[in-house]
Amino acid sequence: MLRTAGKNSHPDEAERKYRAEMTEKIAALKEKRNAVLLVHNYQRDEIQDIADIMGDSLGLARAAAETDKDVIVFCGVVFMAESASILNPRKTVLLPVKEAGCPLADMATVEELRKIKERFPDAAVVSYVNSSALVKAESDICCTSANAIKVVNSVKEDRIIFVPDRNLGRYVAGHTDKEIILWPGYCETHDRLRAADILECKKKYPDAEVIAHPECRTEVLELADAALSTSGMLRYAEGSKAGTIIVGTEIGMGYRLKRENPDKTFIFPSECLICETMKMTTLDAVHNALENMVHEIRVDEETRRKANIALTRMLEVV
Ligand code: 13P
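None of the values given here were measured: they were computed from a predicted structure.

**Observations concerning the overall build of the protein**
Point 1. Helix and strand counts for the protein stand at 15 helices and 13 strands.
Point 2. Taken over the C-alpha trace, the protein has a radius of gyration of 19 Å; the compact-globule value for 318 residues is 20 Å, and the two agree within 12%.
Point 3. Seen through its C-alpha atoms, the protein measures out along the principal axes to roughly 60 × 50 × 30 Å.
Point 4. Across the 318 residues of the protein, 56% fall into the buried class.

Below, the structure written as structure tokens:
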């Protein structure tokens, strides 16, 4: 079943009134707390509407490292708020819904990583930011979907333990001479998308271009014109001449793609492209976070210090 971006983004009168009231209350609290609202591209439409800064994981990590506000409200998932706190420990980082985790990040434990490191002592560990602070602390360098190839090529070792996303790892392996040791993790949302979904969509929209997130399976990426991070998709859409673009990523991307490119049509090739935890953050939860200063995300200092080295190295790879 296909879904067209923008079709479900029309709140009724009552919802519009509620959103306007909450937006005002949140703005007042933001001022009081001297807070900045960082919002990932997959968040609900109404959360995107109140963002100070929106972006992909890389852009938001940079924004978190650079902000001069006292409080960072992170509208995303746990690993993103953790990275913000690691990079900027003097700030208070709030995650509006503390249960908003990332199943992919939970697929790698530091104990398992240590075992693999023992088996391959000559390998560097590159951890995708969708990982726990402990895994980052055990890594040489982090990467995001936007810079994974550059990061892997930047390390001196020829052999890389790539943790935890096997699909992104395979994609990187196809773009480097280095040997990539894959971890069996995957994003439940992106991994659901299959080549058959794209092919069916292409039948209906033969002139459409296809963009996909590198967390998708190889069979999907092989059919894509470009494999891109979420912010990469926005830049691609802006520069593309195609009137219709098939988008292989979480459905939340549709709102911003359509808002910034109103004359283009964006098709999501499956109804399954919904990340439940990204959708947990509501206006009520953001309001509650700022009013009650919850839920603060902090990493113990020893882990933070080590994870910060891996994250900072990543930010230094241009
Ligand atoms: P981006 O870094 O491309 O925004 O991706 C984040 C993510 O968690 C994808 O599932």
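**Topic: the site of the ligand**
Point 1. The environment of the ligand is formed by His 40, Tyr 42, Asp 56, Ser 57, Asn 130, Ser 145, His 190, His 213, Glu 215, Ser 229 and Thr 230.
Point 2. Taking Thr 230, its side chain carries an N or O atom lying 2.6 Å from an oxygen atom of the ligand.
Point 3. Taken by itself the ligand offers 310 Å² of open surface, and the protein chains cover 96% of this.
Point 4. Class assignment for the residues of the shell around the ligand results in one nonpolar, eight polar and two charged.

**Points about the sheet that holds strand S3 (residues 53–55)**
In any sheet, the strands associate via hydrogen bonds between backbone groups, in a parallel or an antiparallel arrangement.
Point 1. Pairing in this open sheet of four strands is parallel, and the strands run S3-S2-S4-S5 from one edge to the other. In this open sheet, the two strands that pair with only one neighbour each are S3 and strand S5 (92–94). The mean inter-strand angle of the sheet, taken between neighbouring strand axes irrespective of direction, is 20°.
Point 2. Where strand S2 (residues 35–40) and strand S4 (residues 71–75) come together, five bridges link them in parallel fashion. Counterpart to Leu 38 in the pairing with S4 is Phe 74.

**Quick notes on the environment of Ile 267**
Point 1. Mapped onto the secondary structure, Ile 267 falls in strand S13 (residues 265–268).
Point 2. Accessibility expressed as a relative area gives 0% for Ile 267, which makes it buried.
Point 3. Along the sequence, Ile 267 and Gly 248 sit 19 residues apart, while their C-alpha atoms lie 8.7 Å from each other.
Point 4. Excluding residues within four positions of it along the chain, Ile 267 makes contact with Leu 2, Arg 3, Thr 4, Cys 201, Tyr 205, Thr 244, Ile 245, Ile 246 and Val 247.

**Thoughts on the pairing of S4**
Point 1. Here S4 lies mainly inside the structure; five of its five residues are buried.
Point 2. Burial of S4 is two-sided: the residues Val 71, Val 73 and Cys 75 facing one way and the residues Ile 72 and Phe 74 facing the other way are all buried.
Point 3. For S4 and S5, the ladder comprises three bridges, and the chain directions are parallel. In the sheet register, Ile 72 faces S5, and the bridge partner there is Val 93.
Point 4. A crossover links S4 with its parallel partner S5, the connecting element being helix H4 (residues 78–87), and its sense is right-handed.

**Structural notes on the environment of His 10**
Point 1. When you line up the elements, His 10 lands in the loop between strand S1 (3–4) and helix H1 (13–33).
Point 2. Residue His 10 is classed as exposed on the basis of its relative accessible area of 65%.
Point 3. For His 10 and Asp 45, which are 35 residues apart along the polypeptide, the C-alpha to C-alpha distance reads 9.9 Å.

**Points about the sheet that holds S13**
Point 1. The strand order across the open sheet formed by five strands is S1-S13-S12-S10-S11, and the pairing between neighbours is mixed. If you trace the sheet from one side to the other, it starts and ends with S1 and strand S11 (226–227), each paired once.
Point 2. The sheet contact formed by strand S10 (residues 209–212) and S11 spans two bridges and is parallel. When the sheet's bridge partners are listed, Ile 211 is paired in S11 with Ala 226.
Point 3. Strands in contact with helix H10 (residues 195–204) are S10, strand S12 (244–248) and S13; relative to S12, the strand with the most contacts, it is inclined by about 170°.
Point 4. Running over the sheet, helix H13 (residues 253–260) touches S12 and S13 and is turned about 170° from S13.

**Describing the pattern of salt bridges**
Point 1. The final tally for this structure, using the stated rule, is 20 salt bridges.
Point 2. Here Asp 122 ties to Arg 159 by a salt bridge, and the two come within 3.4 Å at their closest N and O atoms. Placement of Asp 122 in the loop between helix H5 (110–119) and strand S6 (124–128) and of Arg 159 in strand S8 (residues 159–163) is noted, with a sequence separation of 37 residues between them.
Point 3. Take Arg 159: its relative accessible area is 24%, and that puts it in the partly exposed class.

Cut-offs used in this document
- Residues numbered from 1 in each chain as written.
- Predicted model: local features only at pLDDT ≥ 70, side-chain atom pairs only at ≥ 80, totals over all residues.
- Heavy atoms only, no water.
- Helix = DSSP H or I, 4+ residues; strand = E, 2+ residues; numbered from the N terminus.
- Rg over C-alpha atoms; globule rule 2.2 N^0.38 Å.
- Buried < 20%, exposed > 50% of the residue type's maximum accessible area, 1.4 Å probe, protein only.
- Near = heavy atom within 4 Å.
- Polar contact = N/O pair within 3.5 Å; in protein donor to acceptor, adjacent residues only side chain to side chain.
- Areas by Shrake-Rupley, 256 points an atom, 1.4 Å probe, with all protein chains shown as cover.
- Nonpolar A, V, L, I, M, F, W, Y, C, P; charged D, E, K, R; others polar.
- Pairing = 2+ DSSP bridges.
- Axes fitted to C-alpha atoms, helices over the stretch in contact; angles between N-to-C directions.
- Contact = heavy atoms within 4.5 Å.
- Right-handed = clockwise from strand over helix to strand, strands pointing away.
- Salt bridge = Lys/Arg side-chain N within 4 Å of Asp/Glu carboxyl O.

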